[in-house]
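Architecture at a glance
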Amino acid sequence: MKQQITGAEAMMRSLEHQGVKTLFGYPGGSIMPTFDALYGHRDTLNHILVRHEQGATHAAQGFARVSGEVGVCLVTSGPGATNTLTGIADAMIDSTPIVVIAGQTPTSLLGTDAFQEVDLVSITQPITKWSYQIRSAKDIAWAVARAFYLAKSGRPGPVVLDFTKNAQVEMVDYEPATVDFIRSYDPNPDTPQEALEAAAALINKAERPLVLIGQGVELGGAQAELKAFLEKGDLPCGRTLLGLSAIPTDHPLNKGMLGMHGNLAPNVKTNECDVLIAVGMRFDDRVTGNLATYAKQAKVIHLDIDPSEFNKNVKVDVEVLGNCKRTLKQLTELIAETKHTEWIASFDEYEKVEQERVIEPEIHPTTGPLNMGEVVRAVSEATHHEAILVTDVGQNQMMAARYFKYTKERSIVTSGGLGTMGFGLPAGVGATFGRPDRTVCVFMGDGGLQMNIQELGTIMEQQAPVKMILMNNNYLGNVRQWQAMFFGRRYSFTPMMNPDYMQIAKAYGIPARRVTEREELHQAIQEMLTTDGPFLLEACVIEEGNVMPMTPPGGTVDKMLLEC
């Protein structure tokens, strides 16, 4: 005879059946039976109590991005559920696999405006791969199995389970479930051979090929296949923000970061190449600039697992559908081993210009306040370029992405498509649980830190070894830069009055140090890295520093500004 258990207990066993060991959450009335069941699983399910439900979703994202596993959140109904929306939307646009389990009022009260009732399924359907309300305990095992299958398969993304209170307390004959097939859902589509052959033919004829590397390479675990493809074809490449660690920074075929604040050479060469090969990226507007002038001279090959991305923004000549771990290998077998020596050498003049006019003044200043870029590069060098970079959003994000170096896979965690301020601190917490064997460095601005500053409490309680680098310029720096460049230096509500972050760190029991002088920087970084547990390093940087180069909004990618 099967043993009957509560729906809440069935949820715990279902999570364990999916291999979950860590989850992030915050209790409340409508999810209380599930948290009660969690109490009996403390040896197998490590629940991290965050200080705000948005922090739970970002922590789950950080965990997922560095580990390759599904991040899990457990929250209550009403405001607890709606507080997760920003993180869910962020996970959707950045293809991050998370499962959010939210409490809900009993089925009998649905639609009555009961206390803390909200129609979470309707709210989240546009920003999830699947949103489902569990109304009966008998559906729990199936719903959890389906949720995890959808979250991690195909193009990954967020899933929401709205868990009614009656389903949590009902008794059920529990059996673990497995879902590996859903009708009309094909997470691993076949690739037509004619598409591979057409792509190979274009690449073999190309004199000026350029590969654009997106996060799909990391999500597909295709880093080795990418390297083999690039090296056989002698193909120079640029990387998107989320694809930066898909290939080591110092690889000779890596020509830098694409996009609005990317490197000069790959952006200019986008409008000079004759064949453009996009791998696991979505032609975001921050990468393309003005679509009317973007790569019009090139034949475009697009490798992606999501067919909806083909021709969405950029007209494609060859669509290569499928997981790029497989399609890159297939394509490598078809392309000729060749050299593009002259074409690759043509990147050098642009690299030299950027090095002299932008990079050197930023990372090796001789006078004046600290620069953001020099702080980033100093931290990267001190970690031997082996750390995980987590960023908030704004100037700190762009500077960190540009001047950090990457030697290992899955080494950048940042909010790309949604651009969520407040992302960095909780995402850094999640990253330390996802990869406890690696150093996690979180770069933040003073604005972003304060958006989820309460997560210092999570760090305090968990002693999560988050190395926090606050680049404090007393401004909402990114908005201020746009105001300086495009709004006549009218700094409308961008100057920031800041608290004493050293006192805040002290209140949370977190070791901290403030640096104002260049001569102190390296010793302070060493103190941060050699201190067990968390550390807050506040670097007081130049107040009106700018991230350059820059393609003005709506501008052409090969017309980057080198100076403000």
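Anything mentioned here points back to the structure above.
Residues numbered from 1 in each chain as written. Predicted model: local features only at pLDDT ≥ 70, side-chain atom pairs only at ≥ 80, totals over all residues. Heavy atoms only, no water.

**Here's the deal with the overall build of the protein**
What counts is decided by this rule: Secondary structure elements follow DSSP: runs of H or I no shorter than four residues count as helices, runs of E no shorter than two count as strands, and numbering proceeds from the N terminus. Both definitions apply: the radius of gyration is a C-alpha atom measure, and the globule rule equals 2.2 Å times residues to the power 0.38. Two residues qualify as a contact provided that any one of their heavy atoms is within 4.5 Å of a heavy atom in the partner residue. The Shrake-Rupley method, run with a 1.4 Å probe, gives the accessible areas here. Residue values count only the displayed protein chains as cover. In this tally, Lys and Arg are treated as positive and Asp and Glu as negative; His is ignored, and so are the chain termini. Each charge is placed at NZ for Lys, CZ for Arg, CG for Asp and CD for Glu.
The number of helices and strands found in the protein is 24 helices and 20 strands. Against the globule reference of 24 Å for 564 residues, the protein gives a C-alpha radius of gyration of 24 Å, in line with a compact fold. Overall, the C-alpha framework of the protein stretches about 75 × 60 × 40 Å when taken along its three principal axes. Considering only contacts within the protein whose residues lie at least 6 apart along the sequence, 77% involve residues at least 24 apart. Total accessible area computed for the protein in this model is approximately 22,100 Å², and 51% of it derives from carbon and sulfur atoms. When the 49 basic and 66 acidic side-chain charges of the protein are each reduced to a single mean position, those positions are 2 Å apart.

**Thoughts on the sheet that holds strand S13 (residues 299-304)**
To keep it simple, the criterion reads: Any two strands with at least two DSSP bridges between them are considered paired. Fitted lines through C-alpha atoms give the axes, limited to the stretch in contact for helices. The angle between two N-to-C directions lies from 0 to 180 degrees.
With parallel pairing, six strands are arranged side by side in an open sheet as S11-S10-S9-S12-S13-S14. Two strands in the sheet have a free side with no partner beyond their single neighbour: strand S11 (254-257) and strand S14 (318-321). Each adjacent strand pair in this sheet contributes to an overall mean axis angle of 20°, direction not counted. Pairing between strand S9 (residues 209-213) and strand S12 (residues 275-279): five bridges, direction parallel. From the neighbouring strand, Leu 210 faces S12, where its bridge partner is Leu 276. In this fold helix H9 (residues 193-205) packs onto S12, S13 and S14, with an angle of close to 130° to the strand it touches most, S14.

**Some words on helix H2 (residues 32-39)**
Which entries qualify depends on this criterion: Three exposure classes are used, based on accessible area relative to the maximum for each residue type with a 1.4 Å probe and protein chains only: buried under 20%, partly exposed in between, and exposed over 50%.
Every buried residue belonging to H2 is among Pro 33, Thr 34, Phe 35, Ala 37 and Leu 38, and all of these are buried. Packing partners of the buried residues in H2 comprise helix H1 (7-17), strand S2 (22-25), strand S3 (46-49), strand S4 (71-75), strand S7 (158-164) and helix H8 (165-169).

**Regarding the environment of Arg 208**
Heads up, the rule is: Two N or O atoms form a polar contact when they lie within 3.5 Å of each other; inside protein one atom must be a possible hydrogen donor and the other a possible acceptor, and for residues adjacent in sequence the pair counts only when both atoms belong to side chains.
With respect to the helices and strands, the residue Arg 208 is situated in the loop between H9 and S9. Classification of Arg 208 as partly exposed rests on a relative accessible area of 32%. Expressed as a C-alpha distance, the spacing of Arg 208 and Thr 420, which sit 212 residues apart in the sequence, is 36 Å. If near-sequence neighbours (up to four positions away) are discounted, Arg 208 is found in contact with Glu 272, Cys 273, Asp 274, Val 275 and Trp 343. A distance of 2.8 Å separates the side chain of Arg 208 from the backbone oxygen of Glu 272, its partner in a polar contact.

**Details of the environment of Lys 329**
Tracing the backbone through its elements, the reader meets Lys 329 in helix H14 (residues 324-334). With a relative accessible area of 52%, Lys 329 lands in the exposed category. Taking the C-alpha atoms as reference, Lys 329 lies 7.2 Å from Phe 229; in sequence the two are 100 residues apart. Residues in contact with Lys 329, not counting those within four places in the same chain, are Glu 225 and Cys 324.

**Things to note about helix H19 (residues 424-434)**
Helical periodicity: at 3.6 residues per turn, an α-helix aligns residues three or four positions apart in one direction. For H19, the buried fraction is high: 10 of the 11 residues fall into the buried class. Within H19 the residues assigned to the buried category are Gly 424, Leu 425, Pro 426, Ala 427, Gly 428, Val 429, Gly 430, Ala 431, Thr 432 and Gly 434.

**Quick look at the sheet that holds S7**
Strand order in the open sheet formed by six strands is S3-S2-S4-S5-S7-S6, with parallel pairing between adjacent strands. Since the sheet does not close on itself, it has two edges, and those belong to S3 and strand S6 (130-134), each with one partner. Neighbour-to-neighbour, the strand axes of the sheet open up by a mean angle of 20°, direction not taken into account. Inspection of the sheet shows strand S5 (residues 98-104) paired to S7 by seven bridges, in the parallel sense. Bridge pairing in S7 places Ile 101 opposite Leu 161. Contacting S2, S4 and S5, helix H3 (residues 53-67) runs over the sheet at an angle of about 165° to S4. Those strands touched by helix H5 (residues 85-93) are S5 and S7, and its axis lies near 145° from that of S7.

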